[in-house]
Amino acid sequence: AQKVTQAQTEISVVEKEDVTLDCVYETRDTTYYLFWYKQPPSGELVFLIRRNSFDEQNEISGRYSWNFQKSTSSFNFTITASQVVDSAVYFCALSEAIGNYGGATNKLIFGTGTLLAVQP
Amino acid sequence: DTGVSQDPRHKITKRGQNVTFRCDPISEHNRLYWYRQTLGQGPEFLTYFQNEAQLEKSRLLSDRFSAERPKGSFSTLEIQRTEQGDSAMYLCASSDSGGEETQYFGPGTRLLVL
């Protein structure tokens, strides 16, 4: 069955420290997508990144970087020089195909999230 | 560019009452999803619409839950005879069908059943 594991429940760092959030997934699909979302206290899930299973190239966007390793089924997320505004719950998610023919799409299987607290 | 909106943002109700939530997706998106998130957990998929057709329902969606998207634009999620276990955040997301398919979420409706 599809599964996402975020073993780190809570992480606390001091501002300007680097922090890595771990994500390990299980899937029987050969083609899939991986996502990271941020959920601040307001509750809205903010999309951060989508990665295709065929693309193992690491990605960097400003202070954010993602390391996708298919061999270990991991998709880790690093925040460099963390800031107080980074404090939120971060979710890793895996796509699972649903529907068929013209209505085929994906539902998201989420991990339990990692609460990141960045102290000033 | 307007994002996904949901109404109401918060709802408190008594056990046994019916509640209805509304979701307005991003205007050019033809796919709409409902998820439920309980405290300390990640969101769980409930149902999916492409245009007005409901194409997938989770086993989490009991008989007391019904979702509609009558004109392929906004959607409603109704819970009949609410139970305390229905207390959760109900999240709506939308995506297009042009290959991107990233789901963009609304702010959610937080339901508390007393």
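These numbers come from a predicted model, not from an experiment. (Residues numbered from 1 in each chain as written. Chains lettered and ligands numbered in written order. Predicted model: local features only at pLDDT ≥ 70, side-chain atom pairs only at ≥ 80, totals over all residues. Heavy atoms only, no water.)

Visitor: How should I be thinking about the overall build of chain B in this particular structure?
Guide: Of the regular secondary structure elements, chain B holds zero helices and eleven strands. Taken from the N to the C terminus, the helices and strands of chain B come in the order β-β-β-β-β-β-β-β-β-β-β. Looking at chain B as a whole, 48% of its 114 residues are labelled buried. Of all intrachain contacts in chain B linking residues separated by at least 6 positions in sequence, the fraction that spans at least 24 positions is 53%. Of the side chains in chain B, 14 bear a positive and 15 a negative charge, and the two mean positions are spaced by 9 Å. (Helix = DSSP H or I, 4+ residues; strand = E, 2+ residues; numbered from the N terminus. Buried < 20%, exposed > 50% of the residue type's maximum accessible area, 1.4 Å probe, protein only. Contact = heavy atoms within 4.5 Å. Lys, Arg positive; Asp, Glu negative; His and termini not counted. Charge placed at Lys NZ, Arg CZ, Asp CG, Glu CD.)

Visitor: How should I be thinking about the packing of aromatic side chains in this particular structure?
Guide: Note on aromatic pairs: each is described by the distance of the centres and the angle between the planes. Tallied over the entire structure, the rule returns 21 aromatic pairs over all chains. Taking the centre distance of 5.9 Å and the plane angle of 50° together, the rings of Y37(A) and F110(A) count as tilted. Placement of the pair is Y37(A) in strand β5 (residues 33-39) and F110(A) in strand β11 (residues 105-110), with a sequence separation of 73 residues. The pair Y37(A) / F110(A) is uniform in exposure class, with both members buried. A centroid spacing of 5.6 Å and a plane angle of 70° characterise the contact between F47(A) and Y104(B), whose relative ring orientation is edge-to-face. Taken together, the residues F47(A) in strand β6 (residues 46-52) and Y104(B) in strand β10 (residues 104-105) connect one chain to another. Exposure remark for F47(A): the relative accessible area of 24% places this residue in the partly exposed category. (Phe/Tyr/Trp six-rings, centres within 6.5 Å; stacked < 30°, edge-to-face > 60°.)

Visitor: Looking at this structure, how should I read the nonpolar core?
Guide: Across soluble globular proteins, nonpolar side chains have a tendency to be buried as a group. Within the largest apolar cluster, 24 residues are counted, with the highest numbers of intra-cluster contacts made by W36(A), W66(A), F77(A), Y90(A) and L116(A). Every element with two or more residues in this core is listed here: β2 (10-14), β3 (19-21), β5, β6, β8 (64-69), β9 (74-79), β10 (88-98) and β12 (114-119) of chain A. Broken down by element, the residue count for this core peaks at four residues, all from β10(A). Judged by nonpolar contacts, the second largest core, of 19 residues, contains V19(B), W34(B), A67(B) and A88(B). (Core = buried A, V, L, I, M, F, W, Y, C linked by side-chain atoms within 4.5 Å.)

Visitor: How should I be thinking about the sheet that holds strand β7 (residues 65-68) of chain B in this particular structure?
Guide: Strands pair in a sheet through their backbones, by hydrogen bonds, and they do so in one of two ways: parallel or antiparallel. Residue and element names in this part refer to chain B. Strand order in the open sheet made by the four strands is β1-β3-β8-β7, with antiparallel pairing throughout. Sheet topology places β1 (5-7) and β7 at the edges, where each strand pairs with a single neighbour. In this sheet, adjacent strand axes meet at a mean angle of 15° when their direction is disregarded. Strand direction decides the pairing type here: strand β3 (residues 19-24) and strand β8 (residues 75-79), joined by five bridges, are antiparallel. The partner of R22 across the bridge, within β8, is T76. (Pairing = 2+ DSSP bridges. Axes fitted to C-alpha atoms, helices over the stretch in contact; angles between N-to-C directions.)

Taken by themselves, the reported measurements are silent on function.
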